[in-house]
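# Overview (structure and organization)
What follows is each chain in one-letter form.
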Amino acid sequence: MDADLYARAIEYEKLTQVIYQSILDKEGVKNIQVQHNEIVEGKSGVGHQIDVLWRFEQAGVKHSILVECKNYSSAITLEKIRNFFAVLHDIGNVRGIMVTRIGYQESVKRFASFYGIDLKLLREPTEDDWKGKIKDVKLNLIIKSAVSAVTKPITVEMFIRPSSKEQEARLKQAQNVGGLSIVAGPELQFLDKAGVSATEEMCWWLPKQLKVLEKGPGGPYEQVIELQGKYANCPVNGKNELIEVISLKVKYYVEEMRSEIAIHGDDIVRAILKDFPSGNVEHVQKR
């Protein structure tokens, strides 16, 4: 085997190793490492080079899975499966899997079925694999958001409701002497009746309430946000009081950004693993 063929064979074996490790991880099987290029001694005392293998113990019984990789450009012949069967027989108490790109001759299929050897296809996807599936997707993204800038600020008017006549009197008195204000800054959080935080900070909460998707770029736009059970700390004559906030009137501007994303199937699917007798896809390896 020349150097180039050998390198491709090793690459194929390592791809098989990655595929089966991914399958075990996906199935939640823990503490099993899929190994590459291991020597396993048979009952005859002869050491056999195994392309890919993993071992596990179940109900006190040790099991081994041996994988023979054939990076061939033609169908596997009976000679190859018989050679692999001899290795499995010599080692004993193992399960065998043969993996190749193109396929297997009919005699190989019958031989493998009789002796319990799994036949798999592992290769890059072809156009036939994409039939009935979406291969390429183009996304046109339109991203709208409220502008927060010096020249186009978000402004908020807050409407409050006193909880009692006594509180209403205090608010009017504070307003008359200029001692009533609620600073609706970016760190403001609305509270519940017990004074516990009921929303995120204003800088995160407010943009989620604005209906920017319904607006074109520009502005200013105006939106009223009705609130229930929301309160704010308000300094009244030098002392904080919980004041119920019933609504907000927000004025804001909208900016729009456009972007295009193309997703190609060939860029995300590296290889597929199929069961040869049934043709069922067992695993898709993504880049």
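The sections below set out a description of the structure shown in this document. Given the structure is predicted, the values throughout are model-derived calculations rather than measurements.

Turning our attention to the pairing of strand E10 (residues 269–275). Of all seven residues in E10, six are buried, a share of seventy percent or more. The pairing of strand E5 (residues 118–123) with E10 spans four bridges and is classified as antiparallel. Residue Lys120 lies in a different strand from E10, and its bridge partner there is Asp275. Summarising the sheet, E10 and strand E11 (residues 281–286) pair through five bridges and their orientation is antiparallel. The partner of Lys274 across the bridge, within E11, is Val281.

Turning to the side chain of Glu13, a few remarks are in order. Examined against the element boundaries, Glu13 turns out to sit in helix H1 (residues 3–26). One buried charged residue, Glu13, remains without a salt bridge, the closest side chain of opposite sign being Lys70 at 8.0 Å. Those residues in contact with Glu13, other than ones at most four positions away along the chain, are His36, Asp51, Val52 and Cys69.

Taken in spatial order, the seven strands line up as E1-E2-E3-E4-E5-E10-E11 in an open sheet, and their pairing is mixed. Each having just a single partner strand, strand E1 (35–41) and E11 make up the two edges of the open sheet. Each adjacent strand pair in this sheet contributes to an overall mean axis angle of 35°, direction not counted. Relative to strand E2 (residues 47–58), E1 is paired through six bridges, and the arrangement is antiparallel. Looking at the pairing, Glu41 lines up with Gly47 of E2.

Attention now moves to H1. With 24 residues, H1 extends 34 Å from end C-alpha to end C-alpha; this agrees with the ideal 34 Å at 1.5 Å per step. Residues Ala9, Ile10, Tyr12, Glu13, Leu15, Thr16, Ile19, Tyr20, Gln21, Ile23 and Leu24 constitute the buried set of H1. Residue Gly28 follows H1 closely and has a positive phi angle near 80°.

Rules used throughout
- Residues numbered from 1 in each chain as written.
- Predicted model: local features only at pLDDT ≥ 70, side-chain atom pairs only at ≥ 80, totals over all residues.
- Heavy atoms only, no water.
- Buried < 20%, exposed > 50% of the residue type's maximum accessible area, 1.4 Å probe, protein only.
- Helix = DSSP H or I, 4+ residues; strand = E, 2+ residues; numbered from the N terminus.
- Pairing = 2+ DSSP bridges.
- Lys, Arg positive; Asp, Glu negative; His and termini not counted.
- Salt bridge = Lys/Arg side-chain N within 4 Å of Asp/Glu carboxyl O.
- Contact = heavy atoms within 4.5 Å.
- Axes fitted to C-alpha atoms, helices over the stretch in contact; angles between N-to-C directions.
- Expected span 1.5 Å × (residues − 1).

It is worth stressing that arrangement in space is one thing and function is another; only the former is reported here.
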